[in-house]
Amino acid sequence: MAGKAQTWVMSFLYIGTFGSFIGYSTAFPLLAKSLFPGSAWATVAFVGPLLGSLIRPVGGWLSDRLGGAPVTLWNFAAMGAGVVLVWLASASGSFWLFFLAFQTLFVTAGIGNGSTYRMIPAIFQAKAAEQFGTGEQALLYGKRQASAAIGIISAIGAFGGFLINRGFGMSFAATGSPAAAFVAFGLFYAACFAVTWWCYTRTVGVARLPSLAHARV
């Protein structure tokens, strides 16, 4: 039961990182074309997805040194700030300001991909250690559970790409601007921040395990 709960929690967080990366990769060209017709968006549309892909290992590297949960927690805060920057830039009239602001979303989504992905084996290893101790049985059990969970989490996380584009489409249809979508995305990242803190980083009333990300749900 605990393992299943962890799978759903991490699926939710992976929608916010991996799903955002997929969604923004397809949404940027459409947004740029709509908001800044005649700009050079077509020549630079590849930059964000490339940057997000290249920086993903940095998220894993930071997680190895600082812990997956803390990196993920503050990365969601940065993603929320990035949404605000892009929102302001979208109304600035400057395509290049919009372009640069949007890169913060690609960078943070890429880092979040690495950190959340790094959390998964740590979480299930912590649960295995809680159940079986620290021997070989716990190691093998944790690996099996993590491998099974990664497939589910990745599939659900990819759904975020649809939600990002659907959100922009609904916002334009209702208001003629992307503002409502930016508000919704900001609130979602705030929820991801809260879930990460509650499940993996809070210490009040919690017996901590010596793991990269404490598994408690």
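Residues numbered from 1 in each chain as written. Predicted model: local features only at pLDDT ≥ 70, side-chain atom pairs only at ≥ 80, totals over all residues. Heavy atoms only, no water.

Some points on the packing of aromatic side chains
Here comes step 1: Counted under the stated rule, the structure contains 21 aromatic pairs.
Here comes step 2: The rings of Y24, F28, F36, F95, W96, F98, F99, F102, F106, F168, F182 and F185 are connected pair by pair, giving a single aromatic cluster.
Here comes step 3: Over the face of the ring belonging to Y117 we find R56, whose NZ or CZ atom lies 5.0 Å from the ring centre. (Phe/Tyr/Trp six-rings, centres within 6.5 Å; stacked < 30°, edge-to-face > 60°. Lys NZ or Arg CZ within 6 Å of the ring centre and 35° of its normal.)

Here's the deal with the layout of surface pockets
Here comes step 1: The computed volume of the largest pocket comes to approximately 200 Å³.
Here comes step 2: Of all the secondary-structure elements, those providing two or more residues to the lining of the largest pocket are α1 (2-35), α6 (136-175) and α7 (179-201).
Here comes step 3: In terms of residue count, the dominant contributor to the lining of the largest pocket is α7 (six residues).
Here comes step 4: For the lining of the largest pocket, the residue count by class is nine nonpolar, five polar and no charged. (1 Å grid on protein atoms, 1.4 Å probe; cavity = no way out; pocket = protein on both sides within 12 Å on 5 of 7 lines; lining within 4 Å. Points joined across faces, edges and corners; volume = space filled by probe spheres on them. Helix = DSSP H or I, 4+ residues; strand = E, 2+ residues; numbered from the N terminus. Nonpolar A, V, L, I, M, F, W, Y, C, P; charged D, E, K, R; others polar.)

Focus: the pattern of salt bridges
Here comes step 1: Tallied over the full model, the rule gives one salt bridge.
Here comes step 2: Here D64 and R118 are joined by a salt bridge, their closest N and O atoms 2.8 Å apart. Here D64, found in helix α3 (residues 47-66), pairs with R118, found in helix α5 (residues 95-132); they are 54 residues apart in sequence, far enough to count as distant.
Here comes step 3: The partly exposed category is assigned to D64, whose relative accessible area is 46%. (Salt bridge = Lys/Arg side-chain N within 4 Å of Asp/Glu carboxyl O. Buried < 20%, exposed > 50% of the residue type's maximum accessible area, 1.4 Å probe, protein only.)

So, the nonpolar core
Here comes step 1: The biggest cluster of nonpolar side chains holds 44 residues, and the ones touching the most others in it are Y24, F28, F98, F102, F168 and Y200.
Here comes step 2: Going through the elements one at a time, α1, α4 (68-90), α5, α6 and α7 are the ones with two or more residues in this core.
Here comes step 3: If one sorts the elements of this core by residue count, α5 sits on top with twelve residues.
Here comes step 4: Those residues within four positions of F98 in sequence are excluded, and the remaining contacts are F28, L31, A32, L35, F36, V86, A89 and S90. (Core = buried A, V, L, I, M, F, W, Y, C linked by side-chain atoms within 4.5 Å. Contact = heavy atoms within 4.5 Å.)

Details of the confidence of the model for the protein
The predicted coordinates ought not to be read in detail in places where the model reports low pLDDT.
Here comes step 1: The predicted model of the protein averages 88 in pLDDT, with 89% of residues at 70 or higher.
Here comes step 2: Mean pLDDT across the elements of the protein bottoms out in α6 (87) and peaks in α4 (96).
Here comes step 3: Counted against residues more than four places away or in other chains, residues 208-217, with its pLDDT under 50, gives 44 contacts. (pLDDT = per-residue confidence, 0-100.)

Description of the packing of α4 against α7
Here comes step 1: Interhelical geometry of α4 versus α7 gives an angle of 170° and a closest axis separation of 9 Å. Considered as vectors, α4 and α7 are oriented roughly antiparallel to each other.
Here comes step 2: Across the contact of α4 with α7, the residue classes break down as 19 nonpolar, six polar and no charged. (Axes fitted to C-alpha atoms, helices over the stretch in contact; angles between N-to-C directions. Parallel < 35°, antiparallel > 145°, perpendicular 65-115°, else oblique.)

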